[in-house]
Amino acid sequence: MTLWILDTDHVSLLQRDHPGLKQKITMTDPEAIAITIVTAEEQVRGRLEVIRRAGSEPTLVLAYARLHETLLFLQQFVHPLAFSDEAYGCYMELKRQKYELVLKIYGLPPSPFH
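What you see is a predicted model, and the numbers here were worked out from it, not measured in a lab.

Caption draft 1: Quick peek at the overall build of the protein chain. When helices and strands are tallied, the protein chain shows five helices and two strands. Shown N-terminal to C-terminal, the secondary structure of the protein chain runs as helices and strands in the order β-α-α-β-α-α-α. Counted over contacts in the protein chain with a minimum sequence separation of 6, partners at least 24 positions apart contribute 68%. Element-wise, carbon and sulfur atoms account for 61% of the exposed surface of the protein chain, whose accessible area totals about 9,000 Å².

Quick look at the structure:
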């Protein structure tokens, strides 16, 4: 079985009922869909930041409602994938590739200190 790992961007689209993504998800075995613990952390951290910055009662009430919705949404992913030493290695490689891509886009040479 192929495991489909949704990143934070895909989870955000799914939360907003993106039609194409939602259709693919509904056609896929729920056991074959996962998120990482990093995605769960990013989702919750974003909601907590909005709560922290809320400056009025309506904003705070809405922020807590969205946190609640997010927690309920994330429950469908019963076993988020852990962040292991191997995952850290993949993370650092992706980060390096992103850095190199940004340099390439802007036509900059790589830093000897990076």
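Caption draft 2: Region of the structure containing the nonpolar core. Among the nonpolar cores identified, the biggest contains 11 residues, and these are Leu6, Val11, Leu14, Leu21, Ile25, Ile33, Ile35, Ala40, Phe73, Leu74 and Phe77. Only α1 (8-15), α2 (19-26), β2 (33-35) and α4 (57-74) provide two or more residues apiece to this core. Ignoring any residue separated from it by four or fewer positions in sequence, one finds Val11 in contact with Leu6, Ile35, Thr39, Gln43 and Phe73.

Caption draft 3: Region of the structure containing the environment of Val11. Along the chain, Val11 falls in helix α1. We classify Val11 as buried; its relative accessible area is 0%.

Caption draft 4: Examining the layout of surface pockets more closely. The volume enclosed by the largest pocket comes to roughly 620 Å³. In this structure, the largest pocket is lined by 19 residues; those nearest its centre are Thr36, Val38, Phe83, Tyr91 and Leu94. Broken down by secondary-structure element, the contributors of at least two residues to the lining of the largest pocket are β1 (4-6), α1, α3 (37-53) and α5 (85-106). Ranked by residue count, the leading element in the lining of the largest pocket is α5, at six residues. Split into classes, the residues belonging to the lining of the largest pocket amount to 10 nonpolar, four polar and five charged. Approximately 290 Å³ is the volume attributed to the second largest pocket. Taken together, 13 residues make up the lining of the second largest pocket; nearest its centre are Pro30, Glu31, Ile33, Gln76 and Phe77. No other element matches β2, which puts three residues into the lining of the second largest pocket. Considered class by class, the residues forming the lining of the second largest pocket number nine nonpolar, three polar and one charged.

How each quantity is defined
- Residues numbered from 1 in each chain as written.
- Predicted model: local features only at pLDDT ≥ 70, side-chain atom pairs only at ≥ 80, totals over all residues.
- Heavy atoms only, no water.
- Helix = DSSP H or I, 4+ residues; strand = E, 2+ residues; numbered from the N terminus.
- Contact = heavy atoms within 4.5 Å.
- Areas by Shrake-Rupley, 256 points an atom, 1.4 Å probe, with all protein chains shown as cover.
- Core = buried A, V, L, I, M, F, W, Y, C linked by side-chain atoms within 4.5 Å.
- Buried < 20%, exposed > 50% of the residue type's maximum accessible area, 1.4 Å probe, protein only.
- 1 Å grid on protein atoms, 1.4 Å probe; cavity = no way out; pocket = protein on both sides within 12 Å on 5 of 7 lines; lining within 4 Å.
- Points joined across faces, edges and corners; volume = space filled by probe spheres on them.
- Nonpolar A, V, L, I, M, F, W, Y, C, P; charged D, E, K, R; others polar.

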